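Architecture and fold: a report
Here is how the chains run, residue by residue.
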Amino acid sequence: FSLQINDIDPAFTLGEMERQKNATIRRLQEEGVWEMNRSVELPAVVQRLAIISSAKAAGFQDFTNELKKSRYAFHTTLFEAVMQGQSAEESIIDALGRVADRMEQFDAVVIVRGGGSQSDLSCFNSYRLCSYVAQFPLPVVTGIGHDKDVSVADMVAHTPLKTPTAVAAWLTERMATQEGWLIDASHRLSQLASQA
């Protein structure tokens, strides 16, 4: 029994993908856009969310189910996109464009996708997509769902988290923190008013 390899497509080898990833990082840094999305101010209350995902994806379902467990009212709008394969890059960029057209309606953009192989997630290292994320006028939160590797999209996003579930938990915790601050401020105001 023997195996004979006649041809290898270098676009799918790990070395080529790593080279492209490093080239994307270098280019974004040289263009001065690397920190842009992280410098966009995140509102104290992040409640109106533009979600970029596939409605059928397990990651989107995990995110939605985790948000439903929260006692807070999140307002989500799904901008459906293909999240893997050759059309993913263009589809996600198109979704970001549709969000930008209505950006005054949202506090943040959430990009969620479940885990997958490195080749499945390669679009999140592409220069064009990462440039859009880096320069997006709303804060971008990513939950691309891969524990071992960090994509360039994660690196340039305002807030990168490991999984879609982690994004939902972070949003809920942020709301709880703001609620706690408001309750504390209300008590202090009440005490000050009674002393007057």
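In short, a report on the structure. No experiment lies behind these values; they were computed from the predicted model shown.

1. Describing the overall build of the protein chain
For the protein chain, the helix and strand inventory stands at 6 helices and 5 strands. From first element to last, N terminus to C terminus, the protein chain shows the α and β order α-β-α-β-α-β-α-β-α-β-α. Taken along the three principal axes of its C-alpha coordinates, the protein chain extends 90 × 40 × 30 Å. The proportion of buried residues among the 196 residues of the protein chain is 40%. Summarising the internal contacts of the protein chain: among those between residues at least 6 apart in sequence, 73% fall at separations of at least 24.

2. Thoughts on the pairing of strand β3 (residues 108-112)
Most of β3 is tucked away, with 5 of its 5 residues classed as buried. The side-chain alternation of β3 yields two buried faces, one formed by A108, V110 and V112 and the other by V109 and I111. Pairing analysis gives 4 bridges linking strand β1 (residues 48-53) to β3, with the strands arranged parallel. Among the inter-strand pairings, I52 is bridged to a residue of β3, identified as I111. In this region the chain leaves β3, passes through helix α4 (residues 127-134) and returns to the parallel neighbour strand β4 (residues 140-143); the handedness of that crossover is right-handed.

3. Quick notes on the side chain of S131
Within the secondary structure, S131 sits in helix α4. For S131, a relative accessible area of 9% translates into the label buried. Within the structure, the side chain of S131 is placed 2.8 Å from the side chain of Q135, a separation counted as a polar contact.

4. Here we look at helix α3 (residues 88-100)
For α3, with 13 residues, the first-to-last C-alpha span of 18 Å sits near the 18 Å given by 1.5 Å per residue. Taken residue by residue, α3 has A88, S91, I92, I93, A95, L96 and V99 as its buried positions. Residues of α3 that are buried sit in contact with β1, β2 (75-80), β3 and α4.

5. Comments concerning the sheet that holds β4
Read across the open sheet, the 5 strands follow the order β2-β1-β3-β4-β5; overall the sheet is parallel. The open sheet terminates on both sides in strands that have one partner only, identified here as β2 and β5 (159-161). Going across the sheet, the axis of each strand differs from the next one's by a mean of 20°, ignoring polarity. Strands in contact with helix α2 (residues 58-69) are β1, β2 and β3; relative to β1, the strand with the most contacts, it is inclined by about 160°.

6. Let's talk about the pattern of salt bridges
Under the defined criterion, the tally for this structure stands at 8 salt bridges. Across the pair R19 and E16 runs a salt bridge whose closest N-O atoms are separated by 2.9 Å. Remark: E16 and R19 occur in helix α1 (residues 14-30); sequence separation between them is 3 residues, near one turn of the helix. According to the relative accessible area criterion, R19 is partly exposed, its value standing at 47%. Of the residues examined, E16 reaches a relative accessible area of 22% and is grouped as partly exposed.

7. Here's the deal with the nonpolar core
I52, I92, V99, V109 and F124 are the most contacted members of the largest nonpolar core, which has 33 residues in total. Counting residues per element, the ones that place at least two in this core are α1, β1, α3, β3, α4 and α5 (152-156). Looking at this core element by element, the count peaks at 6 residues for α3. Leave out the neighbours within four places in its chain, and I52 touches F79, A81, M83, I92, A95, L96, V99, V109, V110, I111 and V112.

Conventions used here
Residues numbered from 1 in each chain as written. Predicted model: local features only at pLDDT ≥ 70, side-chain atom pairs only at ≥ 80, totals over all residues. Heavy atoms only, no water. Helix = DSSP H or I, 4+ residues; strand = E, 2+ residues; numbered from the N terminus. Buried < 20%, exposed > 50% of the residue type's maximum accessible area, 1.4 Å probe, protein only. Contact = heavy atoms within 4.5 Å. Pairing = 2+ DSSP bridges. Right-handed = clockwise from strand over helix to strand, strands pointing away. Polar contact = N/O pair within 3.5 Å; in protein donor to acceptor, adjacent residues only side chain to side chain. Expected span 1.5 Å × (residues − 1). Axes fitted to C-alpha atoms, helices over the stretch in contact; angles between N-to-C directions. Salt bridge = Lys/Arg side-chain N within 4 Å of Asp/Glu carboxyl O. Core = buried A, V, L, I, M, F, W, Y, C linked by side-chain atoms within 4.5 Å.

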